[in-house]
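Summary of the model geometry
Residues per chain, in single letters:
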Amino acid sequence: MRARNPLRSAGSWVLLLLIVVLVFAPFYWIGSSSFKTPPDVIKYPPSLFPPTWTLQNFQKLFASTDYPSYLTSSLFIALATTLITVTLATLAAYAIYRLEFPGRLTILRLMVGTYVFPSILLLIPLFQVMVQLGLINSLWSLVVANVTFTAPFSVWLMRAFLESIPLELEEAAAIDGAGFFQTLGLVILPLLRPGLATIAIYTFITVWTEFPFASQFIIDDAKRPLPVGLAAIIGQYQIDWGLLAAGAVFMALPVVILFAFVGRYFVEGLTTGALKE
Amino acid sequence: MRWRTSFLAYLLLAPLLIWLAVTIAVPVGYLVYLSFTDMGIFGTSATFSGLENFKDVLRSERFWQAGRNTLVWIVGNGLAQVTLAFAVARLLYRRSALTNFLQVWIILPWVVPGVAAVIIWRWMLSSIGIVNFGLEATRLVDSPVSFFAKPSIAMATTIAINSWRWFPLLAVILLAALRNIPSELREAAMVDGATENQTWWYIVLPLLRPVLYVLGLLGTLWSANIFDVIWLLTKGGPSGGTTTLPVYLYEEAFARFSLGTSAAGSVVMAVFVLGFVMLFLRYGWGRELGGRR
């Protein structure tokens, strides 16, 4: 192969640097702003590092919002949804991609169809369903809605993982006298772990960031999940940028921590699932 | 045996299918019903009003403005995200410690809640923000730019912010797709005298078609569906300039208290979306989904 053009190689380094700045600089800037004192935040020209470090924005965040209860709500909704989605989607994906039965393709198409349906259109009628079920203002209303938005895509993501498990393994288990649920629990599920992790993280992140349904289904301020609870400070404290920055940092922090542990597996799993063939 | 397999399959599918029936089929039915009534706020009485809502919606300038905005939104986001995603995927193609790190962490903007992204960018783009400082310091502008003041600028800004959130996801998927293509294919072509650019254009791009199909369909629907970032950045303003269809439907229902109109608008939007999906599937994507065991 011919030698690479040094000028072009320098050009791509510059381009890469620009994109890295575009992606990460906003996070640095909001983080550094959150540690500045109120006069330093609005100082112009702005200073790149906080001249004096302070935690007062975070103290104010905790004093003026119900951050701990928003966090609890978000965690509850995200964990419950993840548990239900992973269970339902795995069972359904096994049936669709592993078993032969009449109506398989129709059901698959319907499932994809539900994913394709714009979720915002369901906001009004689903509200009514929640009223009927007596779930308005209950965190369960959001669990119910979020499973609907995450399960169909999760089924589709599971395909590549299921197809990577040789059918012979199941046949061998059957010959050894294992029943279906034994095979599923002892042979399939352990091999599916990367897939299960992928859809679990996908679900968790989707739920963590969901806004429109959370903004309508929960009425009590204290029960609200994080994005909705903290969206209120945008309106109330329009120009208190230090406080808003602290809010953004504390909204992003939980998922960033999660991502630090599982990010690599998630990106691998997501691309495996999305790139079947 | 066959019978038992089928029974087992239905048994495994039942929980999810019932769940989706309750949360999608029933609501959609109810939505269609609502679209033929004059209901204003939830729980108020509704009387049958025939096609009135549909007439209102189709005659309303706000609805068509929202429709046009949605098209601009989808095309703008598509162009910005595809360009950035391709650039990133190509730049990260060669494996190194740096690209391995970036391959995971570049997705960060997509992982944080839209509300956090909105706070970040409103702060950076404010009149005393870092972006205006940079523009003034380099003499590109004389006075601070108001990024949300005029409809067209507000739309461009909102598209840029939303693209910042979403392009990393596309980039990561494209990157994996690129790496899935055996490098021998390109090397062989280069031995035969193709230039590097030619190998990308004539070998890699055609092989990416299945992925691009999937991303084209999903990406368009993801974009069309975006609500939170627009609502929190601009509330659809100024003068409706960033009101896309989801924002319009939300506004009708929860700010103007006209559920009937919102429901009728939803039905019309669902028809548009369905039409788009059918067109897309016609052009050969259906097979990608089929799945064989």
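Please refer to the structure higher up on the page.
The sections below set out a description of the structure shown in this document. Positions within a chain are numbered from 1, following the residues in the order the chain's sequence is written. Both sets of labels track the order of writing: A upward for chains, 1 upward for ligands. Only residues with pLDDT of at least 70 are given local features in this predicted model, and only at 80 or more are side-chain atom pairs given and counted; all residues enter the totals for whole chains, interfaces and linings. Computation of side-chain values: all heavy atoms of the structure, hydrogens and water removed.

On to the overall build of chain A, then. In this description a helix means any DSSP run of H or I spanning at least four residues, a strand means any run of E spanning at least two, and both kinds are numbered starting from the N terminus. Of the regular secondary structure elements, chain A holds 13 helices and 0 strands. Moving toward the C terminus, one meets the helices and strands of chain A in the order α-α-α-α-α-α-α-α-α-α-α-α-α. Restricting the calculation to C-alpha atoms gives the radius of gyration, and the globule rule supplies 2.2 Å times the number of residues raised to the power 0.38. Computed over C-alpha atoms, the radius of gyration of chain A comes to 24 Å, more than 25% over the 19 Å expected from 2.2 N^0.38 for 277 residues, which places it beyond the range of a compact globule. In chain A, which comprises 277 residues, the proportion classed as buried is 56%. A total accessible area of about 11900 Å² is found for chain A, and carbon and sulfur atoms account for 70% of it. Of the charged side chains in chain A, 15 are positive and 14 negative; the average position of the first set lies 12 Å away from that of the second. Remark: exposure states derive from per-residue accessible area (1.4 Å probe, protein chains only) relative to the maximum for the residue type, with buried under 20%, exposed over 50%, and partly exposed in between. Computed by Shrake-Rupley with a 1.4 Å probe, the accessible areas treat only the displayed protein chains as cover when residues are assessed. Counting rule for charge: Lys and Arg are taken as positive, Asp and Glu as negative, and neither His nor the chain ends is counted. Charge positions come from single atoms, namely NZ of Lys, CZ of Arg, CG of Asp or CD of Glu.

Turning our eyes to something else, we now look at the side chain of Glu251 of chain B. Summarising the element assignment, Glu251 of chain B is placed in helix 13 (residues 245–254). Glu251 of chain B has contacts with Arg62, Trp231, Lys235, Thr243 and Arg256 of chain B, leaving out every residue within four places of it along the chain. The criterion used for residue contact is that any of the two residues' heavy atoms lie within 4.5 Å.

Negative phi values dominate among residues other than glycine, just as trans dominates among peptide bonds. Residues and elements named next belong to chain B. One non-glycine residue, Arg139, lies in the positive phi region at around 60°. In this fold, Arg139 is placed in the loop between helix 7 (130–137) and helix 8 (151–180). A relative accessible area of 71% means that Arg139 is categorised as exposed.

A few words on the environment of Pro254 of chain A. Here Pro254 of chain A is to be found in helix 13 (residues 241–274). Excluding its chain neighbours within four sequence positions, the residues that come into contact with Pro254 of chain A are Tyr67, Leu71 and Trp208 of chain A.

Attention now goes to the environment of Thr37 of chain A. Residue and element names in this part refer to chain A. Tracing the backbone through its elements, the reader meets Thr37 in the loop between helix 1 (6–34) and helix 2 (38–41). Overall, Thr37 belongs to the buried group, its relative accessible area being 15%. Sequence spacing of Thr37 and Val147 is 110 residues, and the spatial spacing of their C-alpha atoms is 42 Å. The residues contacting Thr37, other than those within four sequence positions of it, are Thr52, Thr54 and Gln56.

All names here are of chain A. If you trace the backbone, Gly273 turns up in helix 13. Once the C-alpha coordinates of Gly273 and Ile205 are considered, the two residues, 68 residues apart in sequence, prove to be 17 Å apart. Once you skip the residues sitting within four places of it in the chain, Gly273 turns out to touch Leu157, Ala160 and Phe161.

Attention shifts here to a nonpolar patch on the surface. What makes a patch is a set of residues exposed beyond 30% relative accessible area and free of salt bridges, joined within 9 Å when like-charged and within 5 Å when nonpolar (Val, Leu, Ile, Met, Phe, Trp, Tyr). Each reported salt bridge corresponds to a side-chain nitrogen of Lys or Arg within 4 Å of a carboxyl oxygen of Asp or Glu. On the surface, Phe181 of chain A together with Trp3, Phe7 and Leu11 of chain B cluster together to form a nonpolar patch covering roughly 520 Å² of accessible area. For the nonpolar patch, the element with the most residues is helix 1 (residues 2–35) of chain B, which contributes 3 residues. For Phe181 of chain A, a relative accessible area of 53% translates into the label exposed.

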